[in-house]
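Topology and contacts: notes
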Amino acid sequence: MKFFVDTAEISEIRELAETGLLDGVTTNPTLIAKSGRNIAEVIAEICEIVSGPVSAEVAATDYKQMLMEAAVLRRIAKNVTIKVPLTPDGLRACYALSREGIMVNVTLCFSAAQALLAAKAGASFISPFVGRLDDIGQNGMDLIADIVQIYANYPAIKTEVLVASIRNPIHLIEAAKMGADVATIPPAVIKQLYHHPLTDKGLAAFLADWGKTGQSIV
Ligand code: E4P
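Residues numbered from 1 in each chain as written. Predicted model: local features only at pLDDT ≥ 70, side-chain atom pairs only at ≥ 80, totals over all residues. Heavy atoms only, no water.

On to the overall build of the chain. Secondary structure summary: the chain contains 11 helices and 8 strands in total. Expressed along its principal axes, the backbone C-alpha trace of the chain runs to roughly 70 × 40 × 30 Å. The proportion of buried residues among the 218 residues of the chain is 45%. Sequence-distant contacts in the chain: of pairs separated by 6 or more residues, those separated by 24 or more amount to 56%. Across the chain, the 19 positively charged side chains and the 23 negatively charged ones have centroids separated by 4 Å. (Helix = DSSP H or I, 4+ residues; strand = E, 2+ residues; numbered from the N terminus. Buried < 20%, exposed > 50% of the residue type's maximum accessible area, 1.4 Å probe, protein only. Contact = heavy atoms within 4.5 Å. Lys, Arg positive; Asp, Glu negative; His and termini not counted. Charge placed at Lys NZ, Arg CZ, Asp CG, Glu CD.)

Let us now look at the environment of Thr27. Checked against the element boundaries, Thr27 lands in the loop between β2 (24-26) and α2 (29-35). Relative accessible area serves as the criterion here: at 1%, Thr27 is assigned to the buried category. Distance from Thr27 to Val5, taken between C-alpha atoms, is 8.6 Å for residues 22 residues apart in sequence. Those residues in contact with Thr27 that lie beyond four places of it in its chain are Thr7, Ala8, Ile32, Ile43, Ile46, Ser55, Ala56, Glu57 and Lys83. Among the polar contacts made by the side chain of Thr27, one reaches the main-chain carbonyl oxygen of Ser55 at a distance of 2.6 Å. (Polar contact = N/O pair within 3.5 Å; in protein donor to acceptor, adjacent residues only side chain to side chain.)

A positive phi angle is found at Leu108, which is not glycine, with a value near 65°. Note that Leu108 resides in strand β5 (residues 104-109).

Next up on the list: the nonpolar core. Counting 62 residues, the largest nonpolar core has Ile82, Val106 and Ile126 as the members making the most contacts within it. Top element by residues in this core is helix α8 (residues 140-153). It accounts for 6 residues. If we skip the residues at most four places from it in the chain, Val106 touches Val84, Pro85, Leu86, Leu91, Cys94, Ala118, Ala123, Phe125, Ile126 and Ser127. (Core = buried A, V, L, I, M, F, W, Y, C linked by side-chain atoms within 4.5 Å.)

Let us look at helix α11 (residues 197-213). The end-to-end C-alpha distance of α11, which contains 17 residues, comes to 25 Å, matching closely the 24 Å that a straight helix rising 1.5 Å per residue would cover. Of the residues flanking the end of α11, it is Gly214, one or two places downstream, whose phi is positive at about 70°. (Expected span 1.5 Å × (residues − 1).)

This part takes up the sheet that holds β5. Strand order in the closed barrel formed by 8 strands is β1-β2-β3-β4-β5-β6-β7-β8, and the pairing between neighbours is parallel. Across this sheet, the average inter-strand angle for adjacent strands is 30°, counted without regard to direction. For β2 and strand β3 (residues 54-57), the ladder comprises 2 bridges, and the chain directions are parallel. Considered in β3, the bridge of Thr26 is made with Ser55. On top of the sheet, helix α4 (residues 63-74) reaches β3 and β4 (80-85); it is set at about 160° to β4, its chief contact. Each of β5 and β6 (125-128) touches helix α6 (residues 112-120); the most contacted strand, β5, lies at about 165° to it. (Pairing = 2+ DSSP bridges. Axes fitted to C-alpha atoms, helices over the stretch in contact; angles between N-to-C directions.)

Written as structure tokens, this is what we have:
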């Protein structure tokens, strides 16, 4: 499973890149606003740190404008993935861009029918938002199971299932069990993945016993 980080904060991306865990980055207009920076500058900087796909989202809602914005964004770096919303115009833009060999991430997916449309439009990635479905009382993970099953029925579909709006490690583990291709994870959730109380307890006991030996390895 590929791990993307869902942030536009350079310091967080740099720190994670050094762990070797990072396969890509996703941003969205909210994350760019949070960074307080210019989109072109921040995407360029991210692409210098991470060689995998870096999603940069268009802000336009009409097809022609989306293509104009995509042209600007893709000039930033080779690994820029154009992110478009799951709308009729977004999918039309996805089709046009993917036919030119440009990676497209279709975002704001909340149904299996939408995921099927994105695959037919040639999306490289479909982003179903699990946390936001949970927020309205629907089980977000059910959607991932449906999309993984549907895509598996049609080997011609090359679209990768990119699980988005992840809120906790359980979302990630469930997604991995279902065979989702990618998870985009907030930095705070990535940090949670390392921890288990028995690891802390076991390490404390080992260190205490090691101290008793009076030895040192170097
Ligand atoms: C996906 O690419 C989105 O940026 C993201 O996962 C949205 O997550 P949120 O629902 O926590 O805002």
